[in-house]
Amino acid sequence: MTPNLTYVIVVGVLVAAGVTLLLERSLTRVLMGVILLGNGVNLLLLTGGRAGGAPIVGTTEPEQMSDPLPQAMILTAIVITLGMTAFLLALAYRSWHLNGHDEVQDDVEDRRIMDLAIRDEDPGTADTEGGTDDGDGEPTGDPRPVANMVEAGRAG
């Protein structure tokens, strides 16, 4: 069975919109992205199945039976999407009550690890990264030293 072009376009639009929303910083938009991506994948699985009769032995000839595997996979995907939706709703709700918004903020610890990785990557510039002084009295690199960012994260 060849898939209908309309289904392929709808799957492409749903997946593209879902991935675009997943890249946002708002948990509400991430939630909508998960839902759209899940529906797009479900429709993609549905187009992969063969049309035919009920897959029950004795009621339909084996050559004319539909494939039950895509239906089982779609049911599993629906349950997984429902679980992810509930989890993201709980995260957004908790963030809204704690912060008054659902934006995901930068993590200070991630920034520190990224700075350490940059220093390890190029040992020749270890003294010029992270806002340290290179001898001429002017700070170089990132003007926010890692220690200040860590302290600011603990204070806030």
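Numbering of residues begins from 1 in every chain and follows the order in which that chain's sequence is written. Where totals are concerned, whole chains, interfaces and linings use all residues; where local detail is concerned, this predicted model gives features only for residues with pLDDT of at least 70, and gives and counts side-chain atom pairs only at 80 or more. Values shown for side chains rest on all heavy atoms present in the structure; no hydrogens or waters enter the calculation.

Novice: Residue-level account of the overall build of the protein chain, with values.
Specialist: Within the protein chain, the secondary structure is distributed over five helices and zero strands. Each helix corresponds to a stretch of at least 4 residues labelled H or I by DSSP, and each strand to a stretch of at least 2 residues labelled E; elements are numbered beginning at the N terminus. In the protein chain, the succession of α and β elements from N to C terminus is α-α-α-α-α. Any residue under 20% of the maximum accessible area for its type is buried, any over 50% is exposed, and the rest in between are partly exposed; the area is computed with a 1.4 Å probe on protein chains only. For the protein chain, the proportion of its 156 residues judged to be buried stands at 22%.

Novice: Now, about helix H2 (residues 27-47): what can you tell me, with residues and values included?
Specialist: Over its 21 residues, H2 runs 30 Å from end to end, which matches the ideal 30 Å to within 8%, given 1.5 Å per residue. Listed as buried for H2 are Leu27, Val30, Leu31, Gly33, Val34, Gly38, Gly40, Asn42, Leu43 and Thr47. Where H2 is buried, its residues touch helix H1 (5-22) and helix H3 (69-99). Under the convention used throughout, the expected extent of a helix is 1.5 Å for every residue step, that is, one less than its residue count. For this analysis, residues touch if any pair of their heavy atoms sits within 4.5 Å.

Novice: If you had to explain the packing of H1 against H2 to someone new, which residues and values would you point to?
Specialist: Across the interface, H1 lies against H2 with an axial gap of 7 Å and an inter-helix angle of 155°. Here H1 is positioned roughly antiparallel relative to H2, judged by the angle of their axes. Crossing of H1 against H2: the hand is left-handed. Within the contact between the two elements, H1 uses Tyr7, Val10, Val11, Leu14, Val15, Ala17, Gly18, Val19, Leu21 and Leu22 and H2 uses Arg29, Val30, Met32, Gly33, Val34, Leu36, Leu37, Asn39, Gly40, Leu43, Leu44 and Thr47. Axis definition: a line fit to C-alpha positions, over the contact stretch in the case of helices; interaxial angles, taken between N-to-C directions, run 0 to 180 degrees. Throughout this description, any angle smaller than 35 degrees is read as roughly parallel, any larger than 145 degrees as roughly antiparallel, any in the 65 to 115 degree range as roughly perpendicular, and the remainder as oblique. Handedness of each helix crossing follows the sense of rotation of the near helix against the far helix: counterclockwise by less than a right angle gives left-handed, clockwise gives right-handed.

Novice: Break down the environment of Tyr93 for me, citing the residues and quoting the values.
Specialist: Following the sequence through the fold, Tyr93 ends up in helix H3. Residue classification places Tyr93 among the exposed positions, given a relative accessible area of 56%.

Novice: Tell me about the packing of H2 against H3, and please be specific about residues and values.
Specialist: Where H2 contacts H3, the axes come no closer than 9 Å and their chain directions differ by 180°. The orientation of H2 with respect to H3, classified from their angle, is roughly antiparallel. Basically, the charged four are Asp, Glu, Lys and Arg, the nonpolar ten are Ala, Val, Leu, Ile, Met, Phe, Trp, Tyr, Cys and Pro, and anything else, Gly included, counts as polar. In terms of residue class, the contact of H2 with H3 is made up of 17 nonpolar, five polar and no charged.

Novice: I'd like a rundown of the pattern of salt bridges, residues and numbers included.
Specialist: What makes a salt bridge here is a side-chain nitrogen of Lys or Arg within 4 Å of a carboxyl oxygen of Asp or Glu, nothing more. In total, this model carries three salt bridges according to the counting rule given. The salt bridge involving Glu24 is made with Arg29; its shortest N-O contact spans 3.5 Å. Owing to a relative accessible area of 35%, Glu24 belongs among the partly exposed residues under this scheme. One salt bridge connects Arg112 with Glu109, and the closest N-O pair in it is separated by 2.4 Å. One end of the pair is Arg112 and the other is Glu109, both in helix H4 (residues 108-121) and three residues apart, which spans about a single turn. Using a relative accessible area of 35% as the deciding quantity, one classes Glu109 as partly exposed.

Novice: For a nonpolar patch on the surface, give the residues involved together with the corresponding values.
Specialist: A patch is a set of surface residues, each over 30% in relative accessible area and not in a salt bridge, joined within 9 Å for like charges and within 5 Å for the nonpolar side chains Val, Leu, Ile, Met, Phe, Trp and Tyr. We get accessible surface area from the Shrake-Rupley algorithm with a probe of 1.4 Å; when it comes to residues, only the shown protein chains can shield them. A grouping of Leu5, Val8, Ile9 and Val13 is seen on the molecular surface, where their side chains present a nonpolar patch of about 390 Å² in accessible area. Of note, Ile9 is situated in helix H1.

Novice: Lay out the side chain of Thr85 with the relevant residues and their values.
Specialist: You can see Thr85 is positioned in helix H3. Setting aside anything within four residues of it in sequence, one finds Thr85 in contact with Leu31 and Ile35.

Novice: Lay out the environment of Leu91 with the relevant residues and their values.
Specialist: When you line up the elements, Leu91 lands in helix H3. Overall, Leu91 belongs to the partly exposed group, its relative accessible area being 35%.

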